[in-house]
2 protein chains.
Amino acid sequence: MENFQFYAPTKVLFGRNQVEQLPESLKAYGQNVLLVYGGGSIKKNGLYDKIQTLLGEDFNLFELAGVEPNPRIETVRKGVAMCREHQIDVILAVGGGSTIDCSKGIAAGTFYDGDPWDFTGDSSLVTEALPIVTILTLAATGSEMNGGSVLSDMSKNEKLSFHSPLTIPKVSILDPENTYSVPAYQTMAGSSDIFSHLIENYFSKAKGAEVQDRIAEGLMRTVMQYTPIALEEPTNYEARANLMWASSLALNGLTGRGKSGAWTCHAIEHELSAFYDITHGIGLAIVTPRWMEYVLNEETVDKFAMFAVNVMGLAVINDKYALAKAGIRELKNMFTAWGVPMTLPEVGIDEEKLSLMAQKAIEHSALSTSSYVTLTAEDVHQILTNCLV
Amino acid sequence: MENFQFYAPTKVLFGRNQVEQLPESLKAYGQNVLLVYGGGSIKKNGLYDKIQTLLGEDFNLFELAGVEPNPRIETVRKGVAMCREHQIDVILAVGGGSTIDCSKGIAAGTFYDGDPWDFTGDSSLVTEALPIVTILTLAATGSEMNGGSVLSDMSKNEKLSFHSPLTIPKVSILDPENTYSVPAYQTMAGSSDIFSHLIENYFSKAKGAEVQDRIAEGLMRTVMQYTPIALEEPTNYEARANLMWASSLALNGLTGRGKSGAWTCHAIEHELSAFYDITHGIGLAIVTPRWMEYVLNEETVDKFAMFAVNVMGLAVINDKYALAKAGIRELKNMFTAWGVPMTLPEVGIDEEKLSLMAQKAIEHSALSTSSYVTLTAEDVHQILTNCLV
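Everything quoted here is computed from the prediction, not taken from an experiment. (Residues numbered from 1 in each chain as written. Chains lettered and ligands numbered in written order. Predicted model: local features only at pLDDT ≥ 70, side-chain atom pairs only at ≥ 80, totals over all residues. Heavy atoms only, no water.)

A. Layout of the relation of the copies chain B and chain A. Note on the copies: chain B fits chain A at an RMSD of 0.0 Å, the axial shift is 0.0 Å, and the rotation between them is 180°. As the rotation angle and translation indicate, the two copies are arranged about a two-fold axis. In terms of proximity to the rotation axis, the leading residue of chain B is B:Pro9, whose C-alpha is 1.9 Å off the axis. Most of the interface of chain B is mirrored in chain A, where 100% of its interface residues again form contacts. (Least-squares fit on C-alpha atoms with pLDDT ≥ 70 in both. Contact = heavy atoms within 4.5 Å.)

Below is the structure:
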């Protein structure tokens, strides 16, 4: 296990009706609140009205609506201007990871003289941030319990991230009922995202981080167990609750700290989203099994065999390559069974820009230097090509 | 999954040489430091000298040495007087759970007009507390990452606890090398304690908290894997690291939040310690398998069978009672293999006070009302009697 710092100070209020604690949670930080949300699903499901009622006359509420699924830097800039104009004390992010990530850019950008896009090149430029309170409506990114933010500049086809302890939400309200209305497509994309975070942390060169790996395995098995139930029965509380809590714990440091190394599939998928604006979790599900097949070798086979047994539930057999391959096949079958479109053409991507995206993935990440198995642009191109069919 | 609040804001600095960050960690809170420690093992292993060197002239260091293995309320009172006299800004607890628990009593007691023993009857009396920084030297109680404190008043044969978010350590320095010198007896007692925390949370009436259960299983398997290694080879970094991180995560809310109900074996063991001052973890190891055998019934058998398979690693068989019993037997074998004395007479306890301790366990806890299987004093007496051989 490598040296690490673990810091996950978010107060999580989990369960039915926890939104009742919203006024008290905000009050600690001030009266001027910027409510940030996405496409308006919170108006349909009643959450928006509930918030208005709860905050009533006691707060000065300003609104930034329309945060995009891959949140745009333009929206961050708009939010920064609002925070400065209205002397915002606290940001209330209501939505999924995109809304929360956008809010983090705004929170930090408010105190930064330059353009908030700069953060994606250098996280240390974040030196102060407004406090953030979140109400999560999608189990997926884990942004509700960490300081990471992924932003997109579509004018440059770039989707990049920054990380700061200053942008970790102070309070996150996790009511599984707020995910009842999430459509099947977003539900499975969210589960794919959770699964991918766990896989990215699990496959690492670091040795002896068994605590982290056993936790990751447990969370993966939970996602495997409950995703089909949530898809079949969207208002199954137990399923939504376990997926929601798994999403937060998958990316709050528990499974990744003590295990260094760059992530792989996220770096590749970010290029797919940057060029084609596809749903992040779907892109991850498409790329992951092809990446696994590609990097299976003498050095990685034991870990893939462990994955096959401890996560996918396969019986131990002597041929570790056969076991590893069976595990990867099971993973692909799992995504397919959820209904994920498992090839690039199904999400509107052909071979035209595969080479360019592979090159960009190398440029924008540490894929070639510190990922589990280091990759060249040619390797990434081949992996993406394997995603065509 | 039941509604819950999760709040684990401790900044954990994990790994070799993290003590280098001690000055900076303390500086945030002030200059006047109360160094609290136990029997002096930190003088033998060099940690005491290291701290003196690191803090040098920059801090005013006051010392409270000699905290007992079951920390006494008298020591808490002494610490409170010192904090007031020297206007202490921050407490530096260097040791295991006892030292940290004692420090929590001192931290809160400093701001309380009455006697700090009152906290054990009513945790809400804790309204303010000095900040606490810890350097952990024993993987066991998890006190380094939670707000709980167990204190003893031996004049009344009472060992009771209080809990407050205000006494959660601000920073905990977890260097596995600081546990290299822990003797075998304390190592296995510590592992028994970790295991017991996980078991107490695992066996709960709450349904559908799969995230919590999968994490608990993973942590139990980690403790099973590494305890024999740490016993065999006390300076095995990987073993000490995994046990240390497992100890913190076993009791920071991850495996218990969302699952209500009172703990059982801890309530019973606290009476053994209160009357006989035995090592907490050893008492837990003795009581746990006998409690399991006693409460195995039609309502609990499925969970015990799950424990047998997912934790003890037994193969699924049709007879769930046989499976459950085999799992309990394996647990007992595991403790025995570690070298734990597995009967009460081996730790100096005969039948004389079993009935009295059973009665006290009922009085001091919610055993009779909200434990996994509710127990009467007669039940507890029988469980303790079963611990005689």
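Having put the structure on the table, let's press on.
B. Representation of the pattern of salt bridges. All told, the structure shown has 28 salt bridges over all chains when counted by the stated rule. Between A:Asp302 and A:Lys320 there is a salt bridge whose closest N-O contact spans 3.4 Å. One end of the pair, A:Asp302, is in helix H11 (residues 301-310); the other, A:Lys320, is in helix H12 (residues 320-338), and 18 residues separate them in sequence. In this structure A:Asp302 comes out as partly exposed when scored by relative accessible area, which is 46%. Judged by its relative accessible area of 30%, A:Lys320 is partly exposed. Salt bridges sharing common partners tie together A:Glu210, A:Arg214, A:Glu217 and B:Arg221. (Salt bridge = Lys/Arg side-chain N within 4 Å of Asp/Glu carboxyl O. Helix = DSSP H or I, 4+ residues; strand = E, 2+ residues; numbered from the N terminus. Buried < 20%, exposed > 50% of the residue type's maximum accessible area, 1.4 Å probe, protein only.)

C. Here's a closer look at the nonpolar core. Counting residues in each nonpolar core, the largest one holds 173 residues, and the members touching the most others are A:Phe195, A:Trp245, A:Trp291, A:Phe307, B:Trp245, B:Trp291 and B:Phe307. Those residues in contact with B:Trp291, other than ones at most four positions away along the chain, are B:Ile199, B:Phe203, B:Thr264, B:Cys265, B:Tyr372, B:Leu375 and B:Ile383. (Core = buried A, V, L, I, M, F, W, Y, C linked by side-chain atoms within 4.5 Å.)

D. The sheet that holds strand S2 (residues 32-37) of chain B, seen in detail. Taking strand neighbours across the sheet as the criterion, the twelve strands line up as S3(A)-S2(A)-S4(A)-S5(A)-S8(A)-S1(A)-S1(B)-S8(B)-S5(B)-S4(B)-S2(B)-S3(B) in an open arrangement whose pairing is mixed. Both outer strands of the open sheet, strand S3 (60-64) of chain A together with strand S3 (60-64) of chain B, are each paired with one neighbouring strand and no more. Across the sheet, the mean angle separating the axes of adjacent strands is 25° when strand polarity is ignored. Alignment of S2(B) against strand S4 (residues 90-95) of chain B, held across five bridges, turns out to be parallel. Pairing of B:Val33 across the sheet is with B:Val90, part of S4(B). The strands touched by helix H5 (residues 97-109) of chain A within the sheet are strand S2 (32-37), S3, strand S4 (90-95) and strand S5 (132-136) of chain A, with S4(A) carrying the most contacts at an inclination of about 165°. (Pairing = 2+ DSSP bridges. Axes fitted to C-alpha atoms, helices over the stretch in contact; angles between N-to-C directions.)

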